[in-house]
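# Survey of secondary and tertiary structure
If you want the building blocks of each chain, they are given just below.
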Amino acid sequence: MLSTNEFKKGSKVEIDNEPYEIISYEHIKPGKGQAFVRVKLKNLKTLNVVEKTFKSGVKIPKADVEEKPMQYLYQDEHGYHFMDNSNYEEYVIPKDVIEEEAKFLQENKDVFVLLYKNLPIGISLPNFVELKVIETEPGFKGDTAATGTKPAVLETNATIQVPFFIKEGDIIRIDTRTGEYVERVNK
């Protein structure tokens, strides 16, 4: 059980037999009456965000969510296939569940798969990934990082904005939390 006093961003709780992740919370002490906690929660199955209010000190069950390291294998019409590194068991996650994260998935790379009661409900990517630029407009002489950005298609078919000096074949580091360019890795 998790008390409202122990809430942290990223904590996993179970409400009405559904797993939720705490996105944000705010302890409120009104002038009169009991203190309460206003919480924004993301349903880990449906990805819907809801706001709930709990009396201060209330205990909520922790969700049975486990992060397991797994290797991303491939994608097909059923979804994304992952292999458990410890017992070689294969899990399939439907395409719509990890649509955003899938833009940065690389075959044969390890990620953390979120399991709720032993069923896959999502993935947790590393904060940064390095991907190759496969298509972008050529830069022009005199372009610098401060002058603007252009679209670039990465090896995973994701399109992000990069500085003008980035060219095809460059390997760049991307922040998976924001989907933004961080730096060029090869010079």
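Here the structure is shown first, and the text comes after it.
Throughout this document, residue positions are counted from 1 along each chain, in the order its sequence is written. For a predicted model such as this one, the threshold for reporting local features is a pLDDT of at least 70, and the threshold for listing and counting side-chain atom pairs is 80 or more; totals across whole chains, interfaces and linings nevertheless cover every residue. Excluding hydrogens and water, the side-chain values take into account all heavy atoms of the structure.

## A closer look at the sheet that holds strand β12 (residues 128-136)
To keep things clear, this is the line we draw: Two strands qualify as a pair provided DSSP detects at least 2 bridges between them. Secondary structure counts use DSSP, requiring at least four H or I residues in a row for a helix and at least two E residues in a row for a strand, with both numbered from the N terminus. Interaxial angle, 0 to 180 degrees, is taken between N-to-C directions of lines fitted to C-alpha atoms, where a helix line uses only the stretch in contact.
Taken in spatial order, the 5 strands line up as β14-β13-β12-β15-β16 in an open sheet, and their pairing is antiparallel. Strands at the two margins of the open sheet, each flanked by one partner only, are β14 (159-163) and β16 (180-184). Ignoring which end each strand starts from, the neighbouring axes of this sheet average 55 degrees apart. Sheet analysis places β12 next to strand β13 (residues 149-154), joined by 3 bridges and oriented antiparallel. Bridge assignment links Thr136 to a residue of β13, and that residue is Ala152.

## Side note on the side chain of Asp84
The condition that has to hold: Pairs of N or O atoms within 3.5 Å make up the polar contacts considered here, provided that, within protein, one atom can donate a hydrogen while the other can accept it, and that residues adjacent in sequence are counted only when both atoms are side-chain atoms.
Here Asp84 is to be found in strand β8 (residues 79-84). Within polar-contact distance, the side chain of Asp84 engages the side chain of Lys68 at 2.8 Å.

## A word on the pairing of β14
Here β13 pairs with β14 via 5 bridges, running antiparallel. By the bridge assignment for β14, Val153 is matched with Thr159. Connecting β13 to the next strand, β14, in antiparallel fashion are 4 residues, including Asn157 with a positive phi near 75 degrees.

## Focus: the sheet that holds strand β10 (residues 110-116)
Pairing is antiparallel in the open sheet, where 5 strands are placed in the order β9-β8-β7-β10-β11. Looking along the sheet, the strands with just one partner apiece sit at the ends: β9 (90-93) and β11 (119-124). Direction aside, the axes of adjacent strands within the sheet are offset by 45 degrees on average.

## Describing the side chain of Asp170
Our working definition: Summary of the burial criterion: residues with accessible area below 20% of their type's maximum are buried, those above 50% are exposed, and those between are partly exposed, where the area comes from a 1.4 Å probe applied to protein chains only. For this analysis, residues touch if any pair of their heavy atoms sits within 4.5 Å.
With respect to the helices, strands and loops of the structure, Asp170 is situated in the loop between β14 and β15 (171-175). Judged by its relative accessible area of 5%, Asp170 falls in the buried class. Looking at Asp170, its side chain comes within polar contact range of the main-chain nitrogen of Lys167, at 3.0 Å. Discounting chain neighbours no more than four positions away, the residues touching Asp170 are Leu131, Lys132, Val133, Phe165, Arg184 and Asn186.

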